[in-house]
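Structure at a glance
Below are the chains, spelled out letter by letter.
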Amino acid sequence: MNKELKKAASFNPTNKTHQMPIFEICKEVENKEIMLPLYQRDVCWTLEKNVSLLNYELLGNAPVSPISMNEIKNLAVAVDQVSFIDREKIEGDLRNKLSVSDGQQRITCNYKAYINHKDFKNIVLDINKGKFKILEENIQECQVPVGILLNKNDECIFEYCKNKSFLSKEDVKNLLLQIRIKFKSYNYTINKAEDLTEKDQIEWFEVLNNAGSRVTRIQMDIAKQRSKNIDIYKDYVQVFTDKINYFTENAFKMKTTEVSYPMAMLNPSYEVILNKKHSNNYAPIASDYKFGLMDEFKSKTEILELIDITLKNVDKAIEFIKIEKLEIPNRIDYITYLTGYFIFLGNNQLTGDKINALVDWYKQVDFTNQSNPARRQTFSDLLKI
């Protein structure tokens, strides 16, 4: 019999499941007893999505889905942790801290109401409508800001209602207090694990978040670079997309490609910096981004070099299209392929023959309905010019 199978059969992780009220969770977040593993993606919920959660907690007939946390006991296997919202690295002893594997967006939503965060200044409870909503005009007598109603300080709601004729009515005030008490005692089910290694926690994260979807895994890779004090979104992805969007409209056909294309565009720079011969499956196409690619660069300087080479050659590709008076592309591939070509060209001279060949390639290439193998071959053929 397999020993690991026998061990697994005798261990039931659901025995550690328990319940925790929203306000207690928020207090633990504030005290940095509940935190996030470094690889967790940034907060991505829209204001509308936050309002939907608040309304479900207030009006829903079923509990919100569980939150998953890893309790840190053995520091030898602990992953670096960051705080909620500002994502500052947590220093000091991490023992007995709780690291959130699934539930960041839900916890952040409740925590922003708890601390009356500026992001929620336009979310109000409308007593007439009977729900939370986004403020569309000046606040009305029948409306209470969520950051006042669900504030960690009990006095906030009393002070707010005190000089308002409608809100200070006894029945209205009692209703608001009932709602506040409901939120204070609203329990989330907590699924808890102990001492997961980074590999185990990432695997758990992937299973819980869209079954390890490509975009989620890319976001994890991006978040991990914070340990090198680099914000890949701000320092690279946003700069990349701004350059493309300034030059041509609708290059990014889907929102998700605004992340996957810039990250895949690191492939040629990666190969050049490490003096690797081009591999066919390192094309600048979204499906070819290699997870963990940036982990091979240990310092901030090395990552910045990777980014710098890529962005400089995006400029060269766009400039080439302008100088040669080529048609503005309606697909990003024209720019990314040329960028990859210029990255491999490096400091070598772009001769007249090569310019003519590149112009011919640009005019003749057709990316419509190309399979991934065909697109990879197209890039490999381009590099031979």
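The text that follows walks through the structure, step by step, so that each part is easy to find. Worth saying up front: this structure is predicted, and the values here are computed from it rather than measured.

1. A closer look at the overall build of the protein
Of the regular secondary structure elements, the protein holds 16 helices and nine strands. Going through the 385 residues of the protein one by one, you find that 46% of them count as buried. In the protein, 72% of the contacts between residues at least 6 apart in sequence involve partners at least 24 apart. Roughly 19,900 Å² of accessible area belongs to the protein as shown, and the carbon and sulfur atoms make up 48% of that amount. Charge-centre separation for the protein: the mean point of 54 positive side chains lies 2 Å from the mean point of 53 negative side chains.

2. Remarks on the sheet that holds strand β6 (residues 123-126)
Strand order in the open sheet formed by three strands is β7-β6-β8, and the pairing between neighbours is antiparallel. Strands at the two margins of the open sheet, each flanked by one partner only, are β7 (131-134) and β8 (143-145). Pairs of neighbouring strands in the sheet enclose a mean axial angle of 35 degrees, with direction left out of account. Here β6 runs beside β7; their pairing, made up of four bridges, is antiparallel. When the sheet's bridge partners are listed, Val124 is paired in β7 with Lys133. The sheet strands contacting helix α3 (residues 47-59) are β6 and β7, and the helix crosses β7 at an angle near 170 degrees.

3. Digging into the packing of helix α14 (residues 333-345) against helix α15 (residues 352-364)
Two numbers describe how α14 lies on α15: the axes approach to 12 Å, and their chain directions differ by 155 degrees. In this view, α14 runs roughly antiparallel relative to α15, as classed from their interaxial angle. Along this stretch, α14 crosses α15, giving a crossing that reads as right-handed. Note on element contacts: α15 touches α14 through Lys354, Leu358, Trp361 and Tyr362, opposite Tyr334, Tyr337, Leu338, Tyr341, Phe342 and Leu345. Residue composition of the contact of α14 with α15, by class: nine nonpolar, no polar and one charged.

4. Observations concerning the pairing of strand β3 (residues 67-71)
Where burial is concerned, most of β3 is hidden: five out of the five residues are buried. What you see with β3 is no split at all: Ile67, Met69 and Glu71 on one side and Ser68 and Asn70 on the other are buried throughout. Across four bridges, β3 lies against strand β5 (residues 98-102) in antiparallel orientation. By the bridge assignment, Glu71 is partnered in β5 with Leu98.

5. Thoughts on the nonpolar core
The biggest cluster of nonpolar side chains holds 51 residues, and the ones touching the most others in it are Ile232, Tyr236, Met263, Met294 and Leu338. Listing elements by their share of this core, those giving two or more residues are α9 (214-224), α10 (232-247), α11 (257-264), α12 (266-273), α13 (300-323), α14, α15 and α16 (372-382). No other element matches the nine residues that α13 contributes to this core. Apart from the residues within four sequence positions on either side, Tyr236 is in contact with Asp231, Pro262, Met263, Met265, Leu266, Ile307, Thr310 and Leu311. Formed by 46 residues, the second largest nonpolar core is a distinct cluster that contains Met20, Ile22, Leu58 and Leu125.

6. Observations regarding the pattern of salt bridges
Side chains carrying opposite charge are able to pair once their charged atoms draw close together. The tally for this structure, following the rule as stated, stands at 19 salt bridges. Measuring nitrogen to oxygen at the nearest pair gives 2.7 Å for the salt bridge that ties Asp93 to Arg95. The class for Arg95 is partly exposed, based on a relative accessible area of 46%. Residue Asp315 pairs with Lys243 through a salt bridge whose shortest N-O separation is 2.8 Å. One end of the pair, Asp315, is in helix α13; the other, Lys243, is in helix α10, and 72 residues separate them in sequence.

7. Focus on the packing of aromatic side chains
Aromatic rings considered in pairs are described by the distance between their centres and by the relative angle of their planes. In this structure the tally under the stated criterion is 16 aromatic pairs. Ring geometry for Tyr341 and Phe342: centres 5.8 Å apart, planes at 80 degrees, overall edge-to-face. Grouping residues by exposure puts Tyr341 and Phe342 together as buried. Grouped by ring-pair contacts, the aromatic residues Tyr334, Tyr337, Trp361, Tyr362, Phe367 and Phe379 constitute a single cluster.

8. As for the sheet that holds strand β4 (residues 81-82)
To summarise the sheet geometry, strands pair through backbone hydrogen bonds and adopt either a parallel or an antiparallel arrangement. In space, the six strands of this open sheet follow the order β1-β9-β3-β5-β2-β4, with mixed pairing throughout. Sheet topology places β1 (18-21) and β4 at the edges, where each strand pairs with a single neighbour. Where β1 and strand β9 (residues 187-194) come together, four bridges link them in antiparallel fashion. From the neighbouring strand, Gln19 faces β9, where its bridge partner is Thr189.

9. Remarks on helix α2 (residues 22-30)
Of all the positions in α2, only Ile22, Phe23, Ile25, Cys26 and Val29 are classed as buried. Angular distribution of buried residues about the axis of α2 spans 155 degrees; they occupy a single face of the element. Lining the buried residues of α2 we find β1, β2 (34-37), α3, α4 (104-114), α7 (170-185) and β9. At the C-terminal side of α2, Lys32 shows a positive phi close to 60 degrees.

Cut-offs applied
Residues numbered from 1 in each chain as written. Predicted model: local features only at pLDDT ≥ 70, side-chain atom pairs only at ≥ 80, totals over all residues. Heavy atoms only, no water. Helix = DSSP H or I, 4+ residues; strand = E, 2+ residues; numbered from the N terminus. Buried < 20%, exposed > 50% of the residue type's maximum accessible area, 1.4 Å probe, protein only. Contact = heavy atoms within 4.5 Å. Areas by Shrake-Rupley, 256 points an atom, 1.4 Å probe, with all protein chains shown as cover. Lys, Arg positive; Asp, Glu negative; His and termini not counted. Charge placed at Lys NZ, Arg CZ, Asp CG, Glu CD. Pairing = 2+ DSSP bridges. Axes fitted to C-alpha atoms, helices over the stretch in contact; angles between N-to-C directions. Parallel < 35°, antiparallel > 145°, perpendicular 65-115°, else oblique. Left-handed = near helix turned anticlockwise from the far one by under 90°. Nonpolar A, V, L, I, M, F, W, Y, C, P; charged D, E, K, R; others polar. Core = buried A, V, L, I, M, F, W, Y, C linked by side-chain atoms within 4.5 Å. Salt bridge = Lys/Arg side-chain N within 4 Å of Asp/Glu carboxyl O. Phe/Tyr/Trp six-rings, centres within 6.5 Å; stacked < 30°, edge-to-face > 60°. Arc of directions from axis to C-beta.

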